[in-house]
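Close look at the chain arrangement
If you want the building blocks of each chain, they are given just below.
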Amino acid sequence: MPDDRFTDAELSFLRHARFGELPAPVRPEDRVELEETDPPRAWPDLGPSREQQDVQRAGA
């Protein structure tokens with residue numbers, strides 16, 4: 001039975017053929033720190049509003 005496994009060089013070629021060149025890595029001086037802009041949620045989700053409940057009941 002022949003060996004169906006690829007060599008490292010063949011696998012490297014197949015990866016390159018499928019995905020192409022990798023982008024250049026980001027230099028440390030070009031990196032920026034992430035700052036969250038969404039405010040924190042102040043209250044828990046209390047479920048559907050009265051209007052939403054009325055719409056659901058009307059469709060049932």
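Note: the structure precedes this text.
So, a few notes on the structure that sits alongside this text. (Residues numbered from 1 in each chain as written. Predicted model: local features only at pLDDT ≥ 70, side-chain atom pairs only at ≥ 80, totals over all residues. Heavy atoms only, no water.)

1. Re the overall build of the chain
As a reminder of what qualifies: Numbering of helices and strands runs from the N terminus, with a helix taken as a DSSP run of H or I at least four residues long and a strand as a DSSP run of E at least two residues long. When we talk radius of gyration, it's over C-alpha atoms, and the globule rule is simply 2.2 Å times the number of residues to the 0.38. Only protein chains enter the area calculation, which uses a 1.4 Å probe; residues under 20% of their type maximum are buried, those over 50% are exposed, and those in between are partly exposed. Only the protein chains shown count as cover for residues, and all accessible areas are computed by the Shrake-Rupley method using a 1.4 Å probe.
Each helix and strand counted, the chain has two helices and zero strands in total. At 27 Å, the chain has a C-alpha radius of gyration far larger than the 10 Å of a compact globule built from 60 residues. Seen through its C-alpha atoms, the chain measures out along the principal axes to roughly 70 × 50 × 15 Å. Classification of the 60 residues of the chain by burial places 0% in the buried group. In the structure as shown, the chain presents an accessible area of about 6,800 Å², 56% of it carried by carbon and sulfur atoms.

2. A short note on a nonpolar patch on the surface
What counts is decided by this rule: Surface patches are drawn from residues lacking salt bridges whose relative accessible area is over 30%; two like charges belong together within 9 Å, two nonpolar side chains (Val, Leu, Ile, Met, Phe, Trp, Tyr) within 5 Å. Put simply, a salt bridge is a Lys or Arg side-chain nitrogen that is within 4 Å of an Asp or Glu carboxyl oxygen.
On the surface, a cluster of nonpolar side chains totalling about 400 Å² of accessible area is made up of Phe 6, Leu 11, Phe 13 and Leu 14. Of note, Phe 6 is situated in the segment before helix H1 (8–19).

3. Topic: the pattern of salt bridges
Applying the stated rule across the entire model yields three salt bridges. Here Glu 29 ties to Arg 27 by a salt bridge, and the two come within 3.1 Å at their closest N and O atoms. The class for Glu 29 is exposed, based on a relative accessible area of 59%. On the basis of relative accessibility, which here comes to 47%, the residue Arg 27 falls in the partly exposed class. Here the salt bridges do not stand alone but share partners, grouping Arg 27, Glu 29 and Asp 30 into one network.

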